[in-house]
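Overview (structure and organization)
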Amino acid sequence: MKALFIFAASAAMTASSVVFAADAVEQIPAAPEVVETPSFTWSGPYLGLHGGYAWGEGDATAAGGGSNDNFDGGRFGGFVGYNWQFSNGFVAGVEGDLNYDWNENSYAGDFDMDTGFSGGLRGRVGYAFDRALLYAAGGWTMTNISVEGPGVDDDDTLHGWTVGAGLDYAFTDNFFGRVEYRYNDYGDGDLGGFDTDFNQHIINVGIGVKF
């Protein structure tokens, strides 16, 4: 009788252990789902502000001779554009900008020559290292140049070409900083009876918003 009781108790304990083990297996939590974080992309529209310094050089020639002078000064402006980023990291885009340049020079006899509004439209190509975008750009550019003095008040709009390179770096998914170099050759025009041409070397620093 005692042996029968011990056998029954052992069987009951074994059965309860099996049930408990089955419940434990059923209660194992499911593995967490893998959530893919979207990678950063430069694709889309953007706009921003920039400022910098321009080292300008102007030539003015006439039948009686001519002169070559430096027109250096600060600048401030804005830019807007659109990028397309491809799966291999290559980036292509288009960008326009509008600026005001304080490039001026004064001459004896109270003559002042300066530049004012400038702008351009450029194509861009580059390569993205995640949030860093190295690019080169080139296209069309223009500026307004004027001269004022005794008996003279004239201005002309010069059209030419621009080329440069720079670095955009995204601090967040929407905000980025920029540093770039440009060379602008504005071609030539007529100013106060002189054949005039003007070019610039420019360093810009800017900040932008990407949408």
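Residues numbered from 1 in each chain as written. Predicted model: local features only at pLDDT ≥ 70, side-chain atom pairs only at ≥ 80, totals over all residues. Heavy atoms only, no water.

An unreviewed UniProt entry lists the protein under the name Porin family protein, from Neorhizobium petrolearium. The record held by UniProt for the protein lists under Subcellular location (unreviewed entry) the comment "Cell outer membrane". (UniProt positions renumbered as here; feature names shortened; annotations may be inferred.)

1. What to know about the packing of aromatic side chains
A full pass over the atoms with the stated rule returns 15 aromatic pairs. When the centroid spacing of 4.9 Å and the interplanar angle of 65 degrees are considered together, the rings of tyrosine 53 and tryptophan 55 count as edge-to-face. On the basis of relative accessible area, tyrosine 53 is assigned to the partly exposed category, the value being 35%. Of the residues examined, tryptophan 55 reaches a relative accessible area of 40% and is grouped as partly exposed. The structure contains a cluster of three or more aromatic residues connected by ring pairs, namely Phe40, Trp42, Tyr46, Phe79 and Phe176. Positioned over the ring face of tyrosine 135 is arginine 124, at 4.3 Å from the centre of the ring. Positioned over the ring face of phenylalanine 79 is arginine 178, at 4.2 Å from the centre of the ring. (Phe/Tyr/Trp six-rings, centres within 6.5 Å; stacked < 30°, edge-to-face > 60°. Buried < 20%, exposed > 50% of the residue type's maximum accessible area, 1.4 Å probe, protein only. Lys NZ or Arg CZ within 6 Å of the ring centre and 35° of its normal.)

2. Digging into the confidence of the model for the protein
Looking at the protein as a whole, the pLDDT averages 85, with 78% of positions reaching at least 70. Averaged pLDDT values over the elements of the protein bottom out at 52 in helix 1 (residues 2–26) and peak at 98 in strand 3 (residues 90–101). (pLDDT = per-residue confidence, 0-100. Helix = DSSP H or I, 4+ residues; strand = E, 2+ residues; numbered from the N terminus.)

3. Some remarks on a negative patch on the surface
Taken together, the side chains of Glu104, Asp110, Asp112, Glu148, Asp153 and Asp155 present a region of like negative charge at the surface. Among the secondary structure elements, glutamate 148 is positioned in strand 6 (residues 132–149). On the accessibility criterion, glutamate 148 (46% relative accessible area) is partly exposed. (Patch = residues over 30% accessible without salt bridge, like charges linked within 9 Å, V, L, I, M, F, W, Y side chains within 5 Å. Areas by Shrake-Rupley, 256 points an atom, 1.4 Å probe, with all protein chains shown as cover. Salt bridge = Lys/Arg side-chain N within 4 Å of Asp/Glu carboxyl O. Lys, Arg positive; Asp, Glu negative; His and termini not counted. Charge placed at Lys NZ, Arg CZ, Asp CG, Glu CD.)

4. Section: the pattern of salt bridges
For the structure shown, the criterion picks out 10 salt bridges. Notably, a salt bridge pairs glutamate 95 with arginine 178, separated by 2.9 Å at the nearest N-O pair. In this pair, glutamate 95 is assigned in strand 3 and arginine 178 in strand 8 (residues 175–191), connecting sequence segments 83 residues apart. The burial state of glutamate 95 is the same as that of arginine 178; both residues are buried. Sharing partners across several salt bridges, the network here consists of Glu95, Asp97, Arg122, Arg124, Asp168, Arg178, Glu180 and Arg182.

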